[in-house]
Every structure is written in structure tokens, then in C-alpha cells.
Amino acid sequence: ESSSAPNFIRNQIRDEIEAGRTGKIVTRFPPEPNGFLHIGHAKSICLNFGLAEQFGGDCHLRFDDTNPTKEEQAYIDAIKADVEWLGFHWAGPVRHASDYFDRLYAWAQHLVREGKAYVDDLSPEEIREYRGSLTQPGRPSPYRERSPEENLDLLERMRTGEFAEGEKVLRAKIDMASPNINLRDPILYRIRHAHHHQTGDKWKIYPSYDFTHGQSDAIEGVTHSICTLEFEDHRPLYEWFLDNLPVPVKPRQIEFARLNMNYTLTSKRKLKLLVDEGIVDGWDDPRLPTISGMRRRGYTPASIRKFCEMIGVTRADGGLVDIAMLYHAIRADLEDNAPRAMAVLKPLKVVLTNVPEDHEEVYEVPGHPARDDLGVRKVPFTRELYIDQDDFMEEPPKKFFRLAPGKEVRLRNSYVIRCDEVTKNGAGEVTELRCSVDFDTLGKNPEGRKVKGVIHWVSTAHGVPMEVRLYDNLFQVEQPDKDKDADFLEHLNPESLVVCQAIGEPSLREAGVESRFQFERVGYFCADRHAAAEGRLVFNRTVGLKDSWAK
Ligand code: ATP
Ligand code: MG
Ligand code: MG
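Residues numbered from 1 in each chain as written. Chains lettered and ligands numbered in written order. Predicted model: local features only at pLDDT ≥ 70, side-chain atom pairs only at ≥ 80, totals over all residues. Heavy atoms only, no water.

Concerning the packing of aromatic side chains
- For the coordinates displayed, the defined rule picks out 22 aromatic pairs.
- Look at Tyr105 and Tyr189: their rings are 6.3 Å apart centre to centre, the planes differ by 80°, and that puts the pair in the edge-to-face class. Within this pair, whereas Tyr105 is found in helix 4 (residues 101-113), its partner Tyr189 is found in strand 6 (residues 187-191), the two being separated by 84 residues in sequence.
- With a centroid separation of 4.4 Å and 15° between ring planes, the pair formed by Phe519 and Phe525 is classed as stacked.
- A relative accessible area of 0% means that Phe519 is categorised as buried. (Phe/Tyr/Trp six-rings, centres within 6.5 Å; stacked < 30°, edge-to-face > 60°. Helix = DSSP H or I, 4+ residues; strand = E, 2+ residues; numbered from the N terminus. Buried < 20%, exposed > 50% of the residue type's maximum accessible area, 1.4 Å probe, protein only.)

Have a look at this one:
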């Protein structure tokens, strides 16, 4: 069985609690509502909500919404739905960084009064140039020594919309020579005459991520502010604000390595491009690593949580996680929990010549070989059936234990049949097989010979037509965005979606929205939620049967 991997943050918090250094913990999951959540976010969600669950603390859901032009209410709604679907519950109301805009503004005025922030008139390009580089110290802006009175006045006029975008910014006055570039007078506010999805037209200036994040954590009483390693260099700034503002508590920032997975993009910006260009069917396309796409593909919340447990949490950038591990997690869940059914993806008609036209038998077959609670299904057997084209070969190689001219095979849950005759069309394609049944083989081996192969089948009279969508990795290479200068779209897999007009056993007619099945010998499938809403039977392949994850 797959086990859990190390989680250094969990260990650290356990130690703190045992030593009495931490009381009730408070974590938060802080998405920016500028796209849908993906599997990388799932790692952060499982970590933050999981710690709160495990240690009896709270986890807040807070939208980090300081960038109004890229954000939308629709993304907020989708993100909430995804977190709930994963089975987590945020403590208290849904929060927004924008709920704190008044307080943040008052804190900016506080820094100005203390001589720790100033309004700068340099252009964005000049600011970048003055900031210097890793090898070169920055230079002070000519506006750096403005008086607190002048700065307060200018800041207020920035707020009320007197200046154009880009004309002025508010900066902290820290250290233009700091080896950490984040401390070279970082920007606190930018002018943006933009409508905000929460605050409407109230603000003409918006706070930066750095000025917002730690203070929002402090306002909410967050104890452990967990983020990815890119923010390690921002930690001194995070702490500078907490040390220089009258905040109620001082949260601690802890960084961990983000999830990167082969064949998978984990960047909202790149996923948005795939959606906007129509390369995929919306944010919940089953080929995307979005949580809603994975849901539509047939992943269960339990499998995603299991996967996040398996990958662990470290500070070491662990390279690429093998997507086979994710497939392993869902396959193990469905192996145990998905009812079985027979479905023929590429139908080939079989006529059983020694079965009368009006003959009908109905087999009662277990829903799952090891789960009595999954009941039984009724599988009708008639003179005409479909089998899969791949289960027949006119000139089979030696170890082909399926159907071939003159050869025998067992129909799953039914008789052994022999192929007597092959019918072809003008193009030489096989259109029908004429076979005969050995009636002495139901539930027992045939006399005097071994029949190794078992194939699935569906009665033509009772089968249900359905669309089956075979999904595969969206990209053909392990790291589609490895080369920063190349176009990752060049690595798209042209066969990431193959659609089949399939025939399923009658029990599938009643398949509920998002119900999951193992189509025997084929793979795991999930009834598409959108198609189901339109009354159409469409199954998405979640994952194949073969596990390639090497532990
Ligand atoms: P993206 O680059 O995809 O836009 P982001 O970090 O900008 O991601 P946010 O909405 O800010 O997106 O992320 C919310 C939280 O999820 C953050 O705490 C972030 O660190 C975490 N997160 C995002 N991507 C990953 C990842 N690949 N692995 C682990 N955590 C992640
Ligand atoms: Mg972010
Ligand atoms: Mg981002």
C-alpha cells in the first residue's frame, strides 16, 4: 500500500504543540481569483486545511484580491466549489484581502507619518533602473526625502484619483543598498483606476502583494503562513512590515517546495491560455490538471487527498513528481470502489448461429467482485452480440488468446464460443463474425480442451449507445514549458482526446451524474457531468487499468 511521505511542517507544528509553544493553530489558503485551481493548489489546500484538521485549529479561505483587472467573481465561485468538493471547510466567512483595504491604507499612512514610506514620482522603468541588481546596489529616488506632510497629502490625492496610472507610487523607505532586492524600497501602492469585483469603484490605488499578505495574516490571527519557496526572499519584508506596524499578532511565514509534475502545466497563466485559445473545452476540460477538470475526468476527492499525502511536504525542490503516482492514487480508489460493467468501445457484430432468434438469458452478475454492497446487475445474452474489434484477429500471432477464425474464447460471465466464419465488406474490412456456442460451458470448463481467453461483450438488442472519450496526457513531453523561449503549445499531444461511439451493457443506462465504473478489461470511466445534464450518456476515461507507478 502507498504510504505517506514526510511533511516537515506537520512535524514542526507537532513539536511546537508538544513543547507548549503553540496554542490553537490558524492557517489560511490564499488564492488569487484569477483562474481555476490546479493540482498544485490542491497540495497547498491539503496542507493548510489538513494541518488545521489534524491539530484542531482553523483554516481560513482568503482571496488574495489586490489585482482587480485580472480577477473575477466567477473565479471566486469556482474556487469555493473546488475547496468544498475536496471535502474541506473553512473557518468563519469567506475572507478577502480587500476586506482590509481601509486598514491597510491607515497602516500606509502610519508608515508615512513615521517617515518609513514616501510617494515616488519615478516612472516604473526608472524605478526598476534605480533599484539596481544582485551585483549593483540601488540608488535613492530623488523623491525619497519628501516630508511626511507632503507624502500624506500626495497619498490622499492618489487615493481619490487625482493622478493618472503610473504617475506615482507609494514605497517603503527601507534600504536601497540591501543585498535583498525585495528590501530596496518596495512598492506599497500603485494607482489603478480599475473597478474591483468586491469594492467597486471605491479605490483608485491598490496595495501590492507584499504590503497585503502578512498584514492580512496578522488581522486574521494566522499563526502559520505557509507559502511556496519563491517567497523565501520576501520573508524579511514580510517581517519588516509586522515589526513596523501596530499589528495585533505576528504570524510566521514558512516556505515549502511547490508541486511540479511531468506532462503537466501548473501555471494558471498557461492554463488560461489553453482555455482562451479554445485548445481545451473550458477550465474543467478533463485533460487539464485543474481540480474541476480532474473532477470531470473522474478523480475522487479521496484520491487527490491521497496523492497529496503521498508526495509529502519538503523544502527541497524535489524535481518532477511522476504523474503515474496520481494515476496510481485514483486507480487504487476505483479498483476498490467502482462497480464493474461491460462496454464495447469499437463494436464488431457477432452472430451466434446456434442460438435461436428469440432466445434470451439474463445473468445476475456482481456489481463488484469483492463488494456485496454494490449489488448485482442484470446482463442479457442473445443471439447477436457486439465484441470489441481489438478482440478479434484474422491472422493472430501465437499468444493471442482472444478470438480468431476456428479459435475459441469465453464470453465473460457466459459461454465459450468458436469463430466459424468471417464476413467482410468490399474494402476487405471485417463486418461480422459468425460463431457457435458450446452450451456445455456455462460456469464450467469445456470438455477436453483449455480456453484461455475471456472477452467482454454486449447484447445488440439490449446494449446502450454511448459516447466514450478516451483522454490521454495533453502534452507529449515531460516538461512542456521547460524551454522558456519556446512555445509550449508545440508539445501538445494530438491524441489527447479520442472519441468512440461505444455500446454499453444495459445497467449503464441508469448511470448517475459523475458515477464511476470499471469497464472490464478497458479502464475506469466517469459519466460526464455536463452531458448528463443534457440527458446524454457520455463517459470520460479517468485512467487505464495498468499501473505503471514504480514505488
Ligand atoms: P499560479 O502560478 O498557478 O498562478 P499562484 O501561486 O500565483 O499560482 P495563487 O492563487 O496565488 O496562485 O496560489 C494560492 C496558494 O497556492 C499559494 O499559497 C501558493 O503558494 C499555492 N500554490 C500555487 N501553486 C502551487 C504549486 N504548484 N504547488 C504548491 N502550492 C502551490
Ligand atoms: Mg500568488
Ligand atoms: Mg501566479
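Let us keep going from here.
Concerning the domain arrangement of the chain
- Here the chain is partitioned into domain 1 (8-256), domain 2 (268-337 + 466-504 + 511-543) and domain 3 (342-463).
- Using C-alpha coordinates to define each centre, domain 1 is positioned 33 Å away from domain 2.
- Taken together, the contacts link 27 residues of domain 1 with 24 residues of domain 2.
- Of the roughly 2,400 Å² buried at the junction of domain 1 and domain 2 (both faces included), carbon and sulfur atoms supply 66%.
- It is Phe36, Ile39 and Trp85 that lose the most area in domain 1 upon contact with domain 2, and together they represent 32% of the buried surface on that side.
- One can count 4 salt bridges joining domain 1 with domain 2.
- The interface formed by domain 1 and domain 2 includes 10 residue pairs in polar contact (both at pLDDT 80 or more).
- Counting residues per element, the ones that place at least two in the side of domain 1 that touches domain 2 are helix 1 (8-18), helix 2 (39-54), helix 3 (73-85) and strand 9 (252-256). (Domains from an automatic or database assignment. Contact = heavy atoms within 4.5 Å. Buried area = accessible area lost by both parts, 1.4 Å probe. Salt bridge = Lys/Arg side-chain N within 4 Å of Asp/Glu carboxyl O. Polar contact = N/O pair within 3.5 Å; in protein donor to acceptor, adjacent residues only side chain to side chain.)

Here we look at the pattern of salt bridges
- Counted under the stated rule, the structure contains 52 salt bridges.
- We note a salt bridge from Glu129 to Arg139, for which the minimum N-O separation is 2.8 Å. One end of the pair, Glu129, is in helix 5 (residues 124-131); the other, Arg139, is in the loop between helix 5 and helix 6 (148-159), with 10 residues separating them in the sequence.
- For Glu129, a relative accessible area of 53% translates into the label exposed.
- Arg449 is the partner of Asp438 in a salt bridge, and the nearest nitrogen-oxygen pair spans 2.8 Å. Of this pair, Asp438 sits in strand 18 (residues 430-438) while Arg449 is found in the loop between strand 18 and strand 19 (454-455), placing the two residues 11 residues apart along the sequence.
- Here Arg449 falls in the partly exposed class, since its relative accessible area comes to 32%.

Examining helix 9 (residues 268-276)
- All of the buried residues along helix 9 are Lys268, Lys270, Leu271, Leu274 and Val275. Buried residues along helix 9 cover an arc of 165° about the axis, so they all sit on one side. Among the exposed residues of helix 9, those oriented more than 90 degrees off its buried face are Arg269 and Asp276.
- On its buried side, helix 9 packs onto helix 2.
- Following helix 9 by one or two positions, Gly278 has its phi on the positive side, about 70°. (Arc of directions from axis to C-beta.)

Let's talk about the sheet that holds strand 20 (residues 457-459)
- With mixed pairing, the 7 strands of this open sheet are ordered in space as 19-16-17-18-12-15-20. Looking at which strands have only one partner, the edges of the open sheet turn out to be strand 19 and strand 20.
- Of the strand pairs in this sheet, strand 12 (residues 347-352) and strand 15 (residues 384-388) are connected by 5 bridges, and their pairing is antiparallel. Pairing of Val350 across the sheet is with Leu385, part of strand 15. (Pairing = 2+ DSSP bridges.)

A short note on the environment of Asn67
- With respect to the helices and strands, Asn67 occurs in the loop between strand 2 (58-63) and helix 3.
- Each C-alpha atom of the pair Asn67 and Gln109 lies 21 Å from the other, and the pair is 42 residues apart in sequence.
- Excluding residues that lie within four positions of it along the chain, Asn67 makes contacts with Glu32 and Arg192.

Brief notes about the nonpolar core
- Counting 41 residues, the largest nonpolar core has Ile39, Ile45, Phe49, Val83, Ile304, Phe307 and Leu326 as the members making the most contacts within it.
- If you list the elements that add at least two residues to this core, you get helix 2, strand 2, helix 3, helix 10 (291-297), helix 11 (301-311) and helix 12 (323-337).
- Broken down by element, the residue count for this core peaks at 8 residues, all from helix 12.
- For this core, the two domains that each supply at least three residues are domain 1 (8-256) and domain 2 (268-337 + 466-504 + 511-543).
- If we skip the residues at most four places from it in the chain, Ile45 touches Phe29, Leu37, Gly50, Val83, Leu86, Phe88 and Ile291.
- Grouped together as the second largest cluster of nonpolar side chains are 33 residues, Leu111, Phe163, Leu170 and Phe211 included. (Core = buried A, V, L, I, M, F, W, Y, C linked by side-chain atoms within 4.5 Å.)

Here we look at the sheet that holds strand 4 (residues 117-120)
- Taken in spatial order, the 4 strands of this open sheet run 4-5-6-7, and their pairing is antiparallel. Edge positions in the open sheet fall to strand 4 and strand 7 (205-207), since each of these has one partner strand only. Pairs of neighbouring strands in the sheet enclose a mean axial angle of 20°, with direction left out of account.
- As judged from the 3 bridges shared by strand 6 and strand 7, these two strands associate in the antiparallel manner. In the sheet register, Arg190 faces strand 7, and the bridge partner there is Tyr206. (Axes fitted to C-alpha atoms, helices over the stretch in contact; angles between N-to-C directions.)

Overview of the packing of helix 7 (residues 209-220) against helix 8 (residues 235-244)
- In contact at an axis separation of 9 Å, helix 7 and helix 8 are set at 60° when each is read in the N-to-C sense. One element, helix 7, and the other, helix 8, form an angle in the oblique class. As for the relative orientation of helix 7 and helix 8, their crossing is right-handed in sense. Residues Asp210, Phe211, His213, Gly214, Gln215, Asp217 and Ala218 of helix 7 pack against Leu237, Tyr238, Phe241 and Leu242 of helix 8.
- Tallied by class, the residues present in the contact of helix 7 with helix 8 amount to 6 nonpolar, 3 polar and 2 charged. (Parallel < 35°, antiparallel > 145°, perpendicular 65-115°, else oblique. Left-handed = near helix turned anticlockwise from the far one by under 90°. Nonpolar A, V, L, I, M, F, W, Y, C, P; charged D, E, K, R; others polar.)

Regarding the pairing of strand 25 (residues 538-543)
- Of all the 6 residues making up strand 25, 5 are buried; the element is thus mostly covered by neighbouring parts of the structure.
- In this structure, strand 21 (residues 464-471) lies alongside strand 25, joined through 3 bridges in parallel fashion. Considered in strand 25, the bridge of Val468 is made with Phe539.
- In this sheet, strand 25 lies alongside strand 24 (residues 523-527) in antiparallel orientation, the contact comprising 4 bridges. Along strand 25, the bridge assignment pairs Ala527 with Phe539.

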